[in-house]
Amino acid sequence: MLKDQQFTENVNGARFAEAYIERCDKETENMIKNETSAFLSEPLDYLKKHKNEFIYLESKWFEDVSVDSISIEADDVFGTYDVMLGLKLQKKFEKMIKDQLNASLQNEEAKFDLLFSQEDGLWNLNFALNFVEGYTEQLSIGEAFELIYRFLLHLVEVVKENKK
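Every value quoted in this text rests on a predicted model; they were computed, and no experiment measured them.

Chemist: Sorry if this is basic, but what is going on with the pairing of strand β2 (residues 31–35) here?
Modeler: A regular strand places its side chains on the two faces of the sheet in alternate fashion. As defined by bridge partners, strand β1 (residues 20–25) adjoins β2 across 4 bridges and the pair is classed as antiparallel. Paired with Ile21 across the strands is Glu35, a residue of β2.

Structure representation (C-alpha cells):
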C-alpha cells in the first residue's frame with residue numbers, strides 16, 4: 001500500500017520539512033514568528049512552557065487527510081494538547097466520522113468536538129492528542145504532527161471505504 005510506504009519513509013519527521021509553520025498568540029491569533037522545519041525538533045512540552053502560544057502548520061501532505069492546516073496548543077485547564085482543524089468531508093458522513101473518532105481515541109475520558117460549518121462546508125474538529133494511540137509526553141512537535149497525520153489518514157480512509 002503506497003500510503004504505508006510513505007509513512008515508513010517519513011517517520012523521522014521529513015514529511016513536514018517543507019511545511020509552513022507559525023507560532024501564534026492564543027488570545028489575538030497574531031503570528032509571533034514564522035518558524036523553519038528545525039522548530040519541529042522542539043519537544044512537544046514547548047507548548048506547556050509557552051501556554052499563550054499555539055502552533056499552526058500547513059503542509060502539502062494534508063491533502064491526503066482532507067485538511068488544509070492543523071493547529072495544536074496546550075489546554076490550560078485539562079493539561080492536554082488540543083488539536084484543531086477543518087476536515088473536508090461531506091456532512092452526510094457525520095455518523096461515520098463520529099463512530100470512527102469514538103473507536104479510535106483511547107481512554108473513556110477522550111472527548112472530541114465535531115461541528116459542521118455550513119459557511120465553510122468543513123467539519124470543525126477538535127480532539128486531545130493525548131488520547132491518540134502512540135502519544136507519549138516525550139514526542140517532539142514534528143512527531144506530534146506525524147501522529148496527527150496518521151490518525152487523520154486512518155479516519156479518512158475508514159470513512160471513504162465505508163461510503164462505497
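Chemist: I'm lost on the packing of helix α3 (residues 94–104) against helix α4 (residues 141–162) in this one. Help?
Modeler: Each pair of packed helices can be summarised by the angle the axes make with each other and by the distance between the axes. Viewed as axis vectors pointing N to C, α3 and α4 meet at an angle of 135°, and their least axial separation amounts to 10 Å. Here α4 runs oblique to α3, going by the angle between their axes. The chirality of how α3 crosses α4 is right-handed. Residue-level contacts link Met96, Ile97, Gln100, Leu101 and Ser104 of α3 to Phe151, His154, Leu155, Val158, Val159 and Asn162 of α4. The residue makeup of the contact of α3 with α4, split by class, is 7 nonpolar, 4 polar and no charged.

Chemist: Help me out: how do you make sense of the nonpolar core in this one?
Modeler: A general feature of soluble globular proteins is that nonpolar side chains tend to end up buried together. Ranked by size, the top nonpolar core spans 51 residues in total, and within it Phe127 and Leu129 carry the most contacts. At the level of secondary structure, the elements contributing two or more residues to this core comprise α2 (46–49), β3 (53–58), β4 (69–74), β5 (81–87), α3, β6 (112–117), β7 (122–128) and α4. If you tally residues by element for this core, the top one is α4, at 12 residues. Apart from residues lying up to four places away in sequence, Leu129 is in contact with Leu44, Ile72, Tyr81, Val83, Tyr135, Ala144, Leu147 and Ile148.

Chemist: Help me out: how do you make sense of the pattern of salt bridges in this one?
Modeler: Pairing between side chains of opposite charge can happen when the charged atoms of each approach one another. Tallied over the full model, the rule gives 9 salt bridges. For the salt bridge of Lys26 with Asp76, the shortest nitrogen-to-oxygen distance reads 3.4 Å. Taken together, the positions of Lys26 in the loop between β1 and β2 and Asp76 in the loop between β4 and β5 put the pair 50 residues apart, joining distant regions of the chain. Judged by relative accessible area, which is 53%, Asp76 ranks as exposed. Within the structure, one salt-bridge network assembled from shared partners comprises Arg23, Glu35 and Glu53.

Chemist: Explanation requested: unusual backbone geometry in the structure shown.
Modeler: Backbone phi values are negative for most residues with the exception of glycine, while trans is the configuration of most peptide bonds. Of note, Glu29 is a non-glycine position whose phi angle comes to about 65°, a positive value. Here Glu29 is to be found in the loop between β1 and β2. Looking at Glu29, the relative accessible area reads 59%, which means it is exposed. Here the phi dihedral of Ser66 falls at roughly 60°; this positive angle occurs in a residue that is not glycine. The topology assignment puts Ser66 in the loop between β3 and β4. On the accessibility criterion, Ser66 (7% relative accessible area) is buried.

So, how was this worked out
- Residues numbered from 1 in each chain as written.
- Predicted model: local features only at pLDDT ≥ 70, side-chain atom pairs only at ≥ 80, totals over all residues.
- Heavy atoms only, no water.
- Pairing = 2+ DSSP bridges.
- Helix = DSSP H or I, 4+ residues; strand = E, 2+ residues; numbered from the N terminus.
- Axes fitted to C-alpha atoms, helices over the stretch in contact; angles between N-to-C directions.
- Parallel < 35°, antiparallel > 145°, perpendicular 65-115°, else oblique.
- Left-handed = near helix turned anticlockwise from the far one by under 90°.
- Contact = heavy atoms within 4.5 Å.
- Nonpolar A, V, L, I, M, F, W, Y, C, P; charged D, E, K, R; others polar.
- Core = buried A, V, L, I, M, F, W, Y, C linked by side-chain atoms within 4.5 Å.
- Buried < 20%, exposed > 50% of the residue type's maximum accessible area, 1.4 Å probe, protein only.
- Salt bridge = Lys/Arg side-chain N within 4 Å of Asp/Glu carboxyl O.

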